[in-house]
Amino acid sequence: MVGHLNLILRLVIWFLLTADFTVVNIIIGISVALLLPGRQRAKEALKDWLRVLGEVLVAIPQAYFEAIEIIIRPHKYEEITMERVKPGRTPGLIFLDIFLITFTPKTIVLKYHEDGWYEVHRVRRRKKT
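The sections below set out a description of the structure shown in this document. Given the structure is predicted, the values throughout are model-derived calculations rather than measurements.

## Brief notes about the overall build of the protein
So, point 1. Each helix and strand counted, the protein has 4 helices and 3 strands in total.
So, point 2. Going residue by residue from the N terminus, the α and β elements of the protein occur as α-α-α-β-α-β-β.
So, point 3. Residue burial in the protein is summarised as follows: out of 129 residues, 30% are buried.
So, point 4. Long-range contacts, defined as pairs at least 24 residues apart, comprise 69% of the intrachain contacts of the protein with a sequence gap of at least 6.
So, point 5. Surface accessibility of the protein: about 8900 Å² in total, with carbon and sulfur atoms responsible for 66%.

What follows is the structure in structure tokens.
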């Protein structure tokens, strides 16, 4: 089941990156998803994958909302914060976390620290007090 989720995840990321649903692009996406090398199989909880896939679906409208918000009300302040990686995350789930953080316009992961932290750059409308 997790293998199918990996394939679906790869395809979702492909379509988010290309925004092209032509037959040729679908064939290329499926080919790329199948040809990408696998990784060591770790016991990943199905509930974690389903939760993250749900977060991806929520992130899409959130990204549009944030983009419109930045256009209407410019964000002039920046900050870099450290966020803890959720416990028990596999490399695939860590990648998804980084993808989700970076997908929205107000945040980007600058660096993943092997000791379990993400370095995140954020833009803000107001200075933190």
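We are not done yet, so read on.
## A short note on helix 4 (residues 91-103)
So, point 1. The end-to-end C-alpha distance of helix 4, which contains 13 residues, comes to 18 Å, matching closely the 18 Å that a straight helix rising 1.5 Å per residue would cover.
So, point 2. The set of residues buried in helix 4 consists of Gly92, Leu93, Ile94, Leu96, Asp97, Phe99, Leu100 and Ile101.

## Some thoughts on the packing of aromatic side chains
So, point 1. Counted under the stated rule, the structure contains 4 aromatic pairs.
So, point 2. The structure contains a cluster of three or more aromatic residues connected by ring pairs, namely Phe95, Phe99 and Phe103.

## Side note on the nonpolar core
So, point 1. With 10 residues, the main nonpolar core is built from Leu9, Ile13, Trp49, Val52, Val56, Ala59, Leu93, Leu96, Phe99 and Leu100.
So, point 2. Contributions of two or more residues to this core are made by helix 1 (2-18), helix 3 (46-72) and helix 4.
So, point 3. Sequence-distant contacts of Val56, that is, excluding residues within four places in its chain, are made with Val12, Leu16 and Leu100.
So, point 4. With 6 residues, the next largest nonpolar core counts Ile101, Val109, Tyr118 and Val120 among its residues.

## Describing the layout of surface pockets
So, point 1. Put simply, the largest pocket is a space of about 290 Å³.
So, point 2. In this structure, the largest pocket is lined by 14 residues; those nearest its centre are Leu9, Arg10, Ile13, Leu36 and Phe95.
So, point 3. Taken together, the elements giving at least two residues each to the lining of the largest pocket come down to helix 1, helix 2 (23-35) and helix 4.
So, point 4. In terms of residues, the lining of the largest pocket owes the most to one element, helix 1, which gives 6 residues.
So, point 5. Considering only residue class, the lining of the largest pocket consists of 9 nonpolar, 3 polar and 2 charged.
So, point 6. Each pocket or cavity is described by its volume, and for the second largest pocket that value is around 250 Å³.
So, point 7. Around the second largest pocket sit Glu55, Val58, Ala59, Gln62, Glu83, Arg84, Lys86, Asp97, Leu100, Ile101, Thr104 and Tyr118, which together line it.
So, point 8. Mapped by element, the contributors of at least two residues to the lining of the second largest pocket are helix 3, strand 1 (77-84) and helix 4.
So, point 9. When residues in the lining of the second largest pocket are grouped by element, the largest group, 4 residues, is from helix 3.
So, point 10. Its residues assigned to classes, the lining of the second largest pocket shows 5 nonpolar, 2 polar and 5 charged.

Rules and cut-offs
- The residue numbering used here restarts from 1 in each chain and proceeds along that chain's sequence as written.
- With pLDDT at 70 or above as the cut-off, local features in this predicted model cover only qualifying residues; side-chain atom pairs require 80 or more to be listed or tallied, and sums for whole chains, interfaces and linings still use all residues.
- To obtain the side-chain values, all non-hydrogen atoms of the structure were used and water was disregarded.
- Here a strand is any run of E in DSSP of at least two residues, a helix any run of H or I of at least four, and the numbering for each starts at the N terminus.
- Using a 1.4 Å probe on the protein chains alone, a residue whose accessible area is under 20% of its type maximum counts as buried, one over 50% counts as exposed, and one in between counts as partly exposed.
- Contacts are residue-level and defined by heavy atoms, with any inter-residue pair within 4.5 Å sufficient.
- Accessible surface is estimated by sampling points in the Shrake-Rupley manner with a 1.4 Å probe; for residues, cover comes only from the protein chains shown.
- Under the convention used throughout, the expected extent of a helix is 1.5 Å for every residue step, that is, one less than its residue count.
- Side-chain rings of Phe, Tyr and Trp (the six-membered ring for Trp) are treated as a pair once their centres are within 6.5 Å; stacked means planes under 30 degrees apart, edge-to-face means over 60, and tilted covers the remaining angles.
- Only buried residues count toward a nonpolar core, which is a set of Ala, Val, Leu, Ile, Met, Phe, Trp, Tyr and Cys residues joined through side-chain atoms within 4.5 Å.
- Detection works on a 1 Å grid of protein atoms alone, calling trapped sets that fit a 1.4 Å probe cavities and calling open sets with protein on both sides within 12 Å along at least five of seven lines pockets, with lining residues defined by an atom within 4 Å of a point.
- Grid points are joined across faces, edges and corners, and a volume is the space filled by probe spheres set on the points.
- Just so you know the grouping, Ala, Val, Leu, Ile, Met, Phe, Trp, Tyr, Cys and Pro go in nonpolar, Asp, Glu, Lys and Arg go in charged, and all remaining residues, Gly too, go in polar.

The analysis is restricted to geometry; functional conclusions fall outside its scope.
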